[in-house]
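The chain contents come next:
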Amino acid sequence: MSSATVAQVPVVNRERLLKRISDLAAVGAIEGGGVCRLALTDSDREGRDLVCRWMQELQLEVSVDAIGNVVGLRRGREDGAPVMTGSHIDTVRTGGRYDGNLGVLAGLEVMAALNDAGIVTQRPLAVAFFTNEEGARFQPDMMGSLVFQGDMPLQQALDTVGIDGTSVRENLDRIGYAGAAPVGNNRVHAFVELHVEQGPVLEHEHITIGAVTGVQGIHWTEYTVEGISNHAGTTPMRLRHDAGIVAARIACFVRDLSARLGGGQLATVGHLQLTPNLINVIPNRAVFTVDLRNTDGVVLVQAVQSVSEFAAVVATEEGVSLTTRSLADFAPVEFAPHLVDRVEAIARQRGHSVRRMPSGAGHDAQMLARMCPAGMIFVPSVGGLSHNVAEFTADSDIQAGADILLELMLELAQS
Ligand code: HGY
Ligand code: MN
Ligand code: MN
């Protein structure tokens, strides 16, 4: 195959990419056009098998590592660290068809377009999907890419028990994706991830491309409150030890805190379970999660501290016990300035509107950024919707993002 100058950059085959998005979305499809492929479930395995088959059809060398990350390698004229792209194909329970999937399938399309054009790059290229990016079943999120990069020990990840009481190890074994490739000592020349924005900014400003400057800090805590169940009709208010009201007060506190801190402080109580969860019984147990995020790492630490202090006060007032478990704690990440510059410049050269912006969502790129220059390309989410079955991105925006990914990867692989 011939080498190519950047001037001869091929274009992606939009129909082929859209068909793969549609075919993968059929795996774990749920009402409303969305997808449910929680990490390491049978539907995740089915999606993995399909993407691996596509990688083989593209003559990529497919490897599976010990945490189940899958990498498809396209040889270059030289050996050495590849220019890598990718994302995740696991989803939340009410997922959309683009979150993560677009980045992996656009990576496949980059390889297919280069194959069609008969181009062999100087450096190798790779496209990956990382295990358990969502963190919805097993925490933390971005688990696979964090193990791939080396900052999360493999055994700790494998021992992690999920929300249904089973471990990563037993599920990885069950679906047959406990691979042989080592983790933690990988070399990557540069990493670029295409992803839907998952927020309202690009659509609101009528902009096609986001040149992502970095990812905000993320802090997840699980709270367990133990009180005393009692009769709702006979127990005077002053004698109650109500786990449910403590959970409710903390949930209201985090919302008020984000308003007080202002700026980019975000706070979410996404999981809340009361026991015995009955209309006429004072709950004796509440388990809930608090998701705090901020682009400002200092304010994020303050927010975490404020919630912790408030939780201790209300628990004492109510006479209940409180235990916490930290599920994720990631400081804000800045992407490589030269990659942010190139995303912006290539988008402009191709006639697209573009703006710089941080990412509100966590991404595998933030973990790869710990080991190599990393960057991201955003395309708009209609209605700013994500983690929602109605998630949608226009075909033309998908093509724009994929073409920029192709050109940037080619540029990085030829330099
Ligand atoms: O939680 C996140 O931001 C990502 O979707 N895992
Ligand atoms: Mn994602
Ligand atoms: Mn997601």
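Criteria and cut-off values
- Residues numbered from 1 in each chain as written.
- Chains lettered and ligands numbered in written order.
- Predicted model: local features only at pLDDT ≥ 70, side-chain atom pairs only at ≥ 80, totals over all residues.
- Heavy atoms only, no water.
- Donors = N, O, S within 2.8 Å, 3.2 Å for Na, K, Ca; no water.
- Helix = DSSP H or I, 4+ residues; strand = E, 2+ residues; numbered from the N terminus.
- Buried < 20%, exposed > 50% of the residue type's maximum accessible area, 1.4 Å probe, protein only.
- Near = heavy atom within 4 Å.
- Polar contact = N/O pair within 3.5 Å; in protein donor to acceptor, adjacent residues only side chain to side chain.
- Nonpolar A, V, L, I, M, F, W, Y, C, P; charged D, E, K, R; others polar.

(A) Molecular detail of the coordination of the manganese ion (ligand 3). For the manganese ion (ligand 3), the full set of protein donor atoms is Asp99 (OD), Glu134 (OE), Glu134 (OE) and His387 (NE2), and the range of their distances to it is 2.1 to 2.5 Å. Going along the chain, you hit the donors of the manganese ion (ligand 3) in the pattern D-x34-E-x252-H. In this structure, the manganese ion (ligand 3) is positioned 3.5 Å from the manganese ion (ligand 2), and both are ligated by Asp99. Here Asp99, found in the loop between strand 5 (83–87) and helix 3 (101–117), pairs with Glu134, found in the loop between strand 6 (125–129) and helix 4 (143–149); they are 35 residues apart in sequence, far enough to count as distant. Of the two residues examined, Asp99 and Glu134, each falls in the buried class.

(B) Focus on the coordination of the manganese ion (ligand 2). Ligation of the manganese ion (ligand 2) by protein atoms is provided by His88 (NE2), Asp99 (OD) and His195 (NE2), these donors lying 2.1 to 2.3 Å from the ion. One chain supplies every donor for the manganese ion (ligand 2), spaced along it as H-x10-D-x95-H.

(C) Here's a closer look at the site of ligand 1. The immediate surroundings of ligand 1 are formed by Glu133, Glu134, Asp141, Trp220, Arg293, Ala361, Gly362 and His387. In the environment of ligand 1, an oxygen atom lies 3.3 Å from a nitrogen or oxygen atom belonging to the side chain of Asp141. Here an oxygen atom of ligand 1 and a side-chain polar atom of Arg293 are 2.7 Å apart. Tallied by class, the residues present in the shell around ligand 1 amount to 2 nonpolar, 2 polar and 4 charged.

(D) Region of interest: unusual backbone geometry. At the junction of Gln139 and Pro140, the peptide bond is cis and its omega measures out at 5 degrees in the coordinates. Inspection of the secondary structure puts Pro140 in the loop between strand 6 and helix 4. With omega at 10 degrees, the peptide bond leading from Thr275 into Pro276 counts as cis. Looking at the secondary structure, you find Pro276 in the loop between strand 12 (272–275) and strand 13 (281–282). Of note, His206 is a non-glycine position whose phi angle comes to about 55 degrees, a positive value. When you line up the elements, His206 lands in the loop between helix 7 (201–204) and strand 8 (209–215).

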